[in-house]
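# Report on the structure
Here is how the chains run, residue by residue.
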Amino acid sequence: MNTIGCQMNVYDSEQIAKGLKPLHYEITASLEKADLIIVNTCAIREKAEQKVFSFLGRLAGLKRKRPDLIIGVGGCVAQQEGAKILERLPHLDLVFGTHAINRLPAAVQTIVSKKCRIVDIQMADRIKEPDFVANGCEAKHVTRFVTIMQGCDNYCTYCVVPYVRGRESSRRPENIIREIRRLVESGVREVTLLGQNVNSYGKKENLCTFVELLRRINDIDALLRIRFTTSHPKDLSQELILAFNDLHKLCRHIHLPIQSGSNRILKMMNRKYTREIYLEKIDKLRNICPRIAITTDIIVGFPGETRTDFKETLELMKTVEFDALFAFQYSDRPNAAAVRLPGKISKEEKKERLQQVLDLQDYFTTRKNKALKGSIQTVLVEGLSKKQNRVNHSDKSQRLQWSGRTSTNKIVNFFKNDDENASDEDMMGRLVNVKILKTFSHSLWGKTDSKEPTDVGLRGEKSYVT
Ligand code: 5AD
Ligand code: SF4
């Protein structure tokens, strides 16, 4: 299985794997050994789509060598292109859209028995609850994504999501809670709730509010942390802002995509808020939760974006001082309204503006990380650090380097101090206090420490001990 794209695709890929298990398919890391290759795709930006087609193209050689190999393509590009993908790539067997995951096992069985090719891009107005959430997760994981709603009704003019993910539709709270309880039973300690606009959770269907859902999840024993993404600035409610103070498991981080600092561009993007409204919400968040980390998305080179508009984006970045951001060059997407807007910005200009955003942000991220040197941070241990995973850790004398994140979503790599009680076996999923000794632009480094966190968290986080 190859997953390209966002966290929602990661979640979908897990559902796909669970659905195919009863047909005796197991995940393999080797393309050469696979009997079935599923590529889960992303269409959000032109670059992501190019990546999909170049990967799919490379699979032609494998199919030639082994004609029984089944190759399927799912996700947003599948939804967008449908049967055209099979015309363009004759070595593919199956195209299944974003609403067809539940029907995938049956489609694979049909292809095996009838040696046919299948396209299933049918969409529904209501979310179909995954049939195969049953068993939590098999591998030991500390953090997991849980999709709480699908689709989007906002129609930002640059965005393909409403077309490839369909209408907004929420899962029932009891199903979400049941899924999280099972994950927790299998060792998960942190969940990230996923939706294109979590603030409107349950509104259409008259279910509970998003904050009510958070409250219910907050009550689940042995779950230590809750995150969510993404929150649309226009719908960020006072109730949700207050939840950062009220709910002790809710992490002190919000991803709040601004997209542009210019009111003129925000209007053309159909974002339905102004920079003033955005800044007001940032103030409210910081009043309620002073150390909250705020991250964002920015698009540079939207059609008609003048140098003055772009400067307003840089100015806004200086006013807010984001903890981190994702920045993108605007690209035309099929069906999105901005395709028809005049004033397209050249590739070179977009590249130059992107670099300016990244350089400015680097300054703030590095400065914010440096300020944490010497502090003691509470970290949820997710596993061994990436560097550690690259070295051979069968050598028992070697000191293990662990990795986790702060509530504010900063990556911390660390060693256990000599006085640390927890054995290596007990580290995963534990909350530990780490003294920050070195800071980098994208991570922090330190050693566990028995002292209380200096990060004046509003509330202490406590480990769950079985
Ligand atoms: N061009 C560039 N960036 C885009 N995004 C969405 N659509 C486009 C596009 N057509 C960015 C937005 C969004 C993030 C997920 O991707 O910033 O928040
Ligand atoms: Fe796309 Fe806008 Fe919906 Fe986000 S809110 S998924 S940017 S249409």
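What you see is a predicted model; the values in this text were computed from it and never measured.

This part takes up the overall build of the protein chain. A tally of helices and strands in the protein chain yields 15 helices and 18 strands. Taking 2.2 N^0.38 as the reference for a compact globule, 466 residues should give roughly 23 Å; the C-alpha atoms of the protein chain span a radius of gyration of 23 Å, in line with that estimate. By principal-axis analysis of the C-alpha atoms, the protein chain measures approximately 65 × 60 × 45 Å. Taken over 466 residues, the protein chain has a buried fraction of 55%. Sequence-distant contacts, at least 24 apart, represent 73% of the contacts inside the protein chain between residues at least 6 apart. Element-wise, carbon and sulfur atoms account for 51% of the exposed surface of the protein chain, whose accessible area totals about 21700 Å². Charge separation in the protein chain, taken as the distance between the mean sites of 76 positive and 57 negative side-chain charges, equals 2 Å.

Take the nonpolar core next. By size, the foremost hydrophobic cluster in this structure holds 68 residues, and its most contacted members are I180, L193, F210 and I217. Excluding anything up to four places from it in sequence, L193 contacts V146, I148, I180, V198, F210, L214, I217, I226, R227, F228 and T229.

A few words on the pattern of salt bridges. Following the criterion strictly, the structure yields 29 salt bridges and no others. Here E312 ties to R275 by a salt bridge, and the two come within 3.8 Å at their closest N and O atoms. Here E312, found in helix α13 (residues 307-320), pairs with R275, found in helix α12 (residues 275-288); they are 37 residues apart in sequence, far enough to count as distant. Judged by its relative accessible area of 29%, E312 is partly exposed. By relative accessible area, which is 14% here, R275 ends up buried. Beyond isolated ion pairs, a larger network of salt bridges with shared partners links E190, R225, R227, E382 and R405.

Moving on, we get to the site of ligand 1. Surveying the vicinity of ligand 1 reveals the residues I44, R45, Y158, Q259, D297, I299, F328, Q329, Y330, S331 and R333. Q259 places a polar side-chain atom, nitrogen or oxygen, 2.7 Å from an oxygen atom of ligand 1. When ligand 1 is considered free in solution it has 400 Å² of accessible area, and contact with the protein chains removes 87% of it. Of all the secondary-structure elements, those providing two or more residues to the shell around ligand 1 are β12 (293-300) and β13 (324-329). When the residues that make up the shell around ligand 1 are grouped by side-chain class, the tally is five nonpolar, three polar and three charged.

Close to ligand 2 lie C152, N154, Y155, C156, Y158, C159, V161, P162, Q196, H232 and R271, which account for all nearby residues. Considered class by class, the residues forming the shell around ligand 2 number seven nonpolar, three polar and one charged.

The next thing to look at is the sheet that holds strand β6 (residues 143-147). Read across the open sheet, the three strands follow the order β6-β9-β10; overall the sheet is parallel. The open sheet has two edge strands with one neighbour each: β6 and β10 (225-229). Neighbour to neighbour, the strand axes of the sheet diverge by 25° on average, direction disregarded. As paired elements, β6 and strand β9 (residues 190-194) share five bridges and run parallel to each other. Among the inter-strand pairings, R144 is bridged to a residue of β9, identified as V191. Relative to the sheet, helix α8 (residues 173-185) contacts β6 and β9, its axis offset from that of β6 by approximately 165°.

Now for the pairing of strand β2 (residues 36-41). Counting buried positions over the six residues of β2 gives six, a clear majority of the element. Side chains of β2 alternate between two faces, with L36, I38 and N40 and I37, V39 and T41 buried alike. Judged from the two bridges that link them, strand β1 (residues 2-3) and β2 form a sheet pairing that is parallel. Directly across from N2, in β2, lies its bridge partner V39. Of the crossover connections in this fold, the one passing from β1 over helix α1 (residues 7-20) to the parallel β2 is left-handed.

So, about the sheet that holds strand β15 (residues 402-406). The five strands are arranged β14-β15-β16-β18-β17 in a closed barrel whose pairing can be described as mixed. This sheet shows a mean twist of 50° between the axes of neighbouring strands, independent of strand direction.

In terms of burial, β10 is largely enclosed, as five of its five residues are buried. Note: β9 against β10, five bridges, orientation parallel. By the bridge assignment for β10, V191 is matched with I226.

At their nearest, the axes of α1 and helix α6 (residues 104-114) sit 9 Å apart, and the two run at 55° to each other. By the angle between their axes, α1 is oblique relative to α6. Once α1 is placed against α6, the crossing between them reads as right-handed. Along the contact surface, α1 presents I16, G19 and L20, while α6 presents L104, P105 and V108.

Cut-offs and rules
- Residues numbered from 1 in each chain as written.
- Chains lettered and ligands numbered in written order.
- Predicted model: local features only at pLDDT ≥ 70, side-chain atom pairs only at ≥ 80, totals over all residues.
- Heavy atoms only, no water.
- Helix = DSSP H or I, 4+ residues; strand = E, 2+ residues; numbered from the N terminus.
- Rg over C-alpha atoms; globule rule 2.2 N^0.38 Å.
- Buried < 20%, exposed > 50% of the residue type's maximum accessible area, 1.4 Å probe, protein only.
- Contact = heavy atoms within 4.5 Å.
- Areas by Shrake-Rupley, 256 points an atom, 1.4 Å probe, with all protein chains shown as cover.
- Lys, Arg positive; Asp, Glu negative; His and termini not counted.
- Charge placed at Lys NZ, Arg CZ, Asp CG, Glu CD.
- Core = buried A, V, L, I, M, F, W, Y, C linked by side-chain atoms within 4.5 Å.
- Salt bridge = Lys/Arg side-chain N within 4 Å of Asp/Glu carboxyl O.
- Near = heavy atom within 4 Å.
- Polar contact = N/O pair within 3.5 Å; in protein donor to acceptor, adjacent residues only side chain to side chain.
- Nonpolar A, V, L, I, M, F, W, Y, C, P; charged D, E, K, R; others polar.
- Pairing = 2+ DSSP bridges.
- Axes fitted to C-alpha atoms, helices over the stretch in contact; angles between N-to-C directions.
- Right-handed = clockwise from strand over helix to strand, strands pointing away.
- Parallel < 35°, antiparallel > 145°, perpendicular 65-115°, else oblique.
- Left-handed = near helix turned anticlockwise from the far one by under 90°.

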